[in-house]
Structure formats: structure tokens, C-alpha cells
Amino acid sequence: MEIAVLLTCHNRKEKTVTGLDSLFNANLPSNYSLEVFVVDDGSTDGTSEAIRKKFPQINIIEGNG
């Protein structure tokens, strides 16, 4: 079973990465998988870059504020 996870962020790099760490370390049943989507609404603190580097499997949608 696939679960879609949707998040939004704006200039919350550390909180976003910490939250994603927790999400991917969650104890899910073996037949579950995650498809994660993050909408970054124009962050200027490197949030999208940090997510891409640590979680290349995440789908990032760039907003413009």
C-alpha cells in the first residue's frame, strides 16, 4: 500500500529536514511505502537544496510565495 505524504514549507530548513527524518524512520508495516511531496513556497534558506541532497526520492514542487 502506498501512502502519499504532502508537506508545505517556507524557510524552515532545519524543521523540515528533522520532520522528514522522523517520517522516513517511522516503523511502517513492510507492505507500506511512502511517496512524499513537498511544496516549497519560495524559501531562501536552502530548504529545497537540503531536501534534494538528503532525500533525493522526494518530489519537490517549487512555489513563488
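We now turn to the structure provided with this report.

Scoring rules and cut-offs
Residues numbered from 1 in each chain as written. Predicted model: local features only at pLDDT ≥ 70, side-chain atom pairs only at ≥ 80, totals over all residues. Heavy atoms only, no water. Helix = DSSP H or I, 4+ residues; strand = E, 2+ residues; numbered from the N terminus. Expected span 1.5 Å × (residues − 1). Buried < 20%, exposed > 50% of the residue type's maximum accessible area, 1.4 Å probe, protein only. Arc of directions from axis to C-beta. Contact = heavy atoms within 4.5 Å. Salt bridge = Lys/Arg side-chain N within 4 Å of Asp/Glu carboxyl O.

## Overview of helix α1 (residues 13–24)
Move 1: In a regular helix each residue adds 1.5 Å, so 12 residues correspond to 16 Å; α1 covers 16 Å between its end C-alpha atoms and thus fits that length.
Move 2: Listing the buried residues of α1 in full gives Thr16, Val17 and Leu20. Viewed along the axis of α1, the buried residues span an arc of 95°, placing them on a single side of the element. Seen from the open side of α1, the exposed residues pointing more than 90 degrees away from its buried face are Glu14, Lys15 and Thr18.
Move 3: Buried positions along α1 lie against β1 (2–9), β2 (33–41) and α2 (47–54).

## A short note on the pattern of salt bridges
Move 1: Evaluation of the coordinates by the stated rule reveals two salt bridges.
Move 2: Of the charged contacts in the structure, one is a salt bridge between aspartate 21 and lysine 54, with a shortest N-O distance of 3.0 Å. Separated by 33 residues along the polypeptide, aspartate 21 in helix α1 and lysine 54 in helix α2 bring together distant segments of the chain.
Move 3: Residue lysine 54 is classed as partly exposed on the basis of its relative accessible area, which comes to 46%.
Move 4: Linking arginine 52 and glutamate 62 is a salt bridge whose minimum nitrogen-to-oxygen distance equals 2.9 Å. Placement of arginine 52 in helix α2 and of glutamate 62 in strand β3 (residues 59–63) is noted, with a sequence separation of 10 residues between them.
Move 5: Judged by relative accessible area, which is 42%, arginine 52 ranks as partly exposed.

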